Amino acid sequence: MALDGIFLYHLKNEIADFAVDSRVDKVYQPSRDELVISLRSREGSRKLLMSCNADSARIHFTDYPPENPPKPPMFCLMLRKRLTGAWITSIEQENLERIVKINLSGTDELGDKRSYSLIIEIMGRYSNIIFVDENNKIIDSMKRVDENKSQVREVLPNVTYAAPPAQNKLNIFTDDINEIKQQIMQSNKSLYKAAMDTIKGVSPIVCRELENGLSIDDFKMQAQNPVPTLVMLDTPKDFAFIDIKQYDKLAEIKHYDTFSQLLDYFYYERVRLMLSLIHISEPTRRS
């Protein structure tokens, strides 16, 4: 299960349709890894959830926001000070990387107009949410990374933000499809692994469809016309931006109208099932 770059591309566009030109109403931090921003626009209000949890890093609109702690963390207080009342001006993703940059126009502590960016990096245990100013200087981040934690880059206040190294892969939307086919055919690896090594922004479940009869041409067509797809094996198992055939009748396949609806259900149901299992496993107390 992975929120891959192409899935994120369509999700980003979906979020931008509502979020761009909306105003930040409130900012919450339910846990050390989660952020919820309440947005208002002419179309109404929505809650945008961001998580940098290693097992569930993601961004999407939610109808099930987590409960907030009685005392907000310092990172949340700082964001409230800078972003409450700010407007979202644009949302970006660079070349199908798993990084989304939310650009905002707000004010600083003196009331002067400032530009900010909230960056969410969706990269497993290296996931993070980073707040930068108009000069790309880091104001703060959910996870601070010093030289003891990373030899590649530091994520600390007053350090210039640098994105993680880009993947040297081909983009199914912009690169020549014949070049993609040739690179896959020249690989000594299985079709699944060759596709993973060649195509940018694809997760294992998507590449397995290529071993299940999906051609590169059909894959590109489906990537351009996505279908938010959930795979159920008694519990939510995986999700993708294309229809999934590889499980045949062993899994239930559900399609959603939006990517946010899909992710909202997927992670809400995972937490609900986990809590129910914990409740069942608790020993019965004697009265």
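Residues numbered from 1 in each chain as written. Predicted model: local features only at pLDDT ≥ 70, side-chain atom pairs only at ≥ 80, totals over all residues. Heavy atoms only, no water.

Caption draft 1: The arrangement of the overall build of the protein chain in detail. Per the secondary structure count, the protein chain includes seven helices and 12 strands. Here the C-alpha radius of gyration of the protein chain, 20 Å, is about what a compact globule of 287 residues would show, namely 19 Å. Each principal axis of the C-alpha atoms in the protein chain carries an extent, and together these give about 60 × 60 × 45 Å. In the protein chain, which comprises 287 residues, the proportion classed as buried is 46%. When contacts within the protein chain are restricted to residue pairs at least 6 apart in sequence, long-range pairs at least 24 apart make up 51% of them. When the accessible surface of the protein chain is split by element, carbon and sulfur atoms take 47% of a total near 15800 Å². (Helix = DSSP H or I, 4+ residues; strand = E, 2+ residues; numbered from the N terminus. Rg over C-alpha atoms; globule rule 2.2 N^0.38 Å. Buried < 20%, exposed > 50% of the residue type's maximum accessible area, 1.4 Å probe, protein only. Contact = heavy atoms within 4.5 Å. Areas by Shrake-Rupley, 256 points an atom, 1.4 Å probe, with all protein chains shown as cover.)

Caption draft 2: Just the sheet that holds strand 10 (residues 229-233), in detail. Read across the sheet, three strands follow the order 11-10-12 without closing on themselves; strand pairing throughout is antiparallel. Edge positions in the sheet fall to strand 11 (235-240) and strand 12 (252-255), since each has one partner strand and no second. Between one strand axis and the next, the sheet turns through 30 degrees on average, direction left out of account. (Pairing = 2+ DSSP bridges. Axes fitted to C-alpha atoms, helices over the stretch in contact; angles between N-to-C directions.)

Caption draft 3: Seen up close, the pairing of strand 10. In terms of residue burial, strand 10 counts as a mostly covered element, since four of its five residues are buried. Relative to strand 11, strand 10 is paired through five bridges, and the arrangement is antiparallel. Within the sheet, the bridge partner assigned to leucine 233 lies in strand 11 and is threonine 235. Between strand 10 and the antiparallel strand that follows it, strand 11, lie one residue; aspartate 234 among them carries a positive phi value of about 70 degrees.

Caption draft 4: Fine view of a nonpolar patch on the surface. A cluster of nonpolar side chains, Val271, Met274, Leu275 and Ile278, forms an exposed patch at the surface whose accessible area comes to about 350 Å². As for its placement among the helices and strands, leucine 275 is situated in helix 7 (residues 259-281). (Patch = residues over 30% accessible without salt bridge, like charges linked within 9 Å, V, L, I, M, F, W, Y side chains within 5 Å. Salt bridge = Lys/Arg side-chain N within 4 Å of Asp/Glu carboxyl O.)

Caption draft 5: Spatial organisation of helix 6 (residues 216-224). By the burial criterion, the buried members of helix 6 are Ile216, Phe219, Lys220 and Ala223. For helix 6, the angular spread of buried residues about the axis comes to 100 degrees, placing them on one side. Of the surrounding elements, those touching the buried residues of helix 6 are helix 1 (5-19), helix 3 (177-185) and helix 5 (204-210). (Arc of directions from axis to C-beta.)

Caption draft 6: Representation of the pattern of salt bridges within the structure. Tallying each qualifying case throughout the model produces 11 salt bridges. Arginine 272 is the partner of glutamate 269 in a salt bridge, and the nearest nitrogen-oxygen pair spans 2.6 Å. Here the residue glutamate 269 and the residue arginine 272 both occupy positions in helix 7, the gap between them amounting to three residues, near one helical turn. Exposure remark for glutamate 269: the relative accessible area of 11% places this residue in the buried category. Here the residues in one salt-bridge network are Asp108, Arg114 and Glu134, joined through shared partners.

Caption draft 7: Spatial organisation of helix 1. Between its first and last C-alpha, helix 1 extends 20 Å over 15 residues, near the 21 Å set by a 1.5 Å rise per residue. Counting buried positions along helix 1 yields 12 of 15 residues, so the element is predominantly enclosed. Residues of helix 1 that are buried: Gly5, Ile6, Phe7, Leu8, His10, Leu11, Lys12, Glu14, Ile15, Ala16, Phe18 and Ala19. Between the side-chain oxygen at the start of helix 1 and the backbone nitrogen of isoleucine 6 there is a gap of 3.4 Å, and the oxygen is on aspartate 4. (Expected span 1.5 Å × (residues − 1). Polar contact = N/O pair within 3.5 Å; in protein donor to acceptor, adjacent residues only side chain to side chain.)

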